[in-house]
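A look at the structure
Take a look at the letters that make up each chain.
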Amino acid sequence: MNDRFISTNYRTDCYHCRQVADQHIQAMPNRADVTCEACGATRVFVPRMEDVDDAGKFAGPGPWPVWSLAVEAACRNCGVSGLHDLTVSCRSITVRCRNCRFTHLYRFDLEYMADEPAAERPAGVVTEHSGTCP
Ligand SMILES: [Zn+2]
Ligand SMILES: [Zn+2]
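For the structure given in this document, a descriptive report is provided here. What you see is a predicted model, and the numbers here were worked out from it, not measured in a lab. (Residues numbered from 1 in each chain as written. Chains lettered and ligands numbered in written order. Predicted model: local features only at pLDDT ≥ 70, side-chain atom pairs only at ≥ 80, totals over all residues.)

**Let's talk about the overall build of the protein**
A tally of regular secondary structure across the protein gives zero helices and nine strands. Listed by position from the N terminus, the elements making up the protein come as β-β-β-β-β-β-β-β-β. Put simply, the protein has 134 residues, and 23% of those count as buried. In the protein, the proportion of contacts linking residues at least 24 apart, taken out of those at least 6 apart, comes to 45%. (Helix = DSSP H or I, 4+ residues; strand = E, 2+ residues; numbered from the N terminus. Buried ≥ 20, exposed ≤ 12 C-beta atoms within 10 Å, placed from the backbone. Contact = placed C-beta atoms within 7 Å.)

As structure tokens, this is what we get:
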């Protein structure tokens, strides 16, 4: 099975460097992360649950603006390749299959600065949220 589930970019102002830059969003079964292509700030999210979310409640109405994207992916539940609703907020990421409504919910875990965006090794791990999110 393909272990890279979602991989996409969203161009917006970075919460860290405040530049408008591509934010690279990656979701895998065991982890999801968002990396700023300009400064390398990375936020890591860990899976909290996976279930069919008929009402779309997992994404929840948050007090802060979220990124709402539709990305093409192969659903890990129904196996259909099609659009998934990807919602990224400060505290959580959800990926929801439009076909069967199966939803992955990831919760914010930590953030770090990567010297190279591709590097796996956390350099200077910050466990507290930087406070730039509301
Ligand atoms: Zn940045
Ligand atoms: Zn599905």
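**Details of the pairing of strand 2 (residues 20–28)**
Relative to strand 2, strand 1 (residues 6–13) runs antiparallel, the two being bridged by eight bridges. Among the inter-strand pairings, T12 is bridged to a residue of strand 2, identified as A21. Between strand 1 and strand 2, which follow one another and run antiparallel, lie six residues, and R18 among them has a positive phi close to 65°. Bridge count for strand 2 against strand 3 (residues 31–36) is six bridges, and the pairing is antiparallel. Pairing of A27 across the sheet is with A32, part of strand 3. (Pairing = 2+ DSSP bridges.)

**Here's the deal with the nonpolar core**
Within the largest apolar cluster, 13 residues are counted, with the highest numbers of intra-cluster contacts made by I25, A27, A32, V88, I93 and Y106. For this core, the secondary structure elements donating two or more residues are strand 2, strand 3, strand 6 (81–88), strand 7 (92–97) and strand 8 (102–113). Ignoring any residue separated from it by four or fewer positions in sequence, one finds V88 in contact with I25, V34, V66, W67 and I93. (Core = buried A, V, L, I, M, F, W, Y, C linked by C-beta atoms within 7 Å.)

**Comments concerning unusual backbone geometry**
Phi is positive for R18, close to 65°, though the residue is something other than glycine. Note that R18 resides in the loop between strand 1 and strand 2. Overall, the presence of 11 C-beta atoms within 10 Å leaves R18 in the exposed class. Look at R101: it is not a glycine, yet its phi comes out positive at around 70°. In this fold, R101 is placed in the loop between strand 7 and strand 8. A residue is classified by how many C-beta atoms lie within 10 Å of it, and R101, with 17 of them, is partly exposed.

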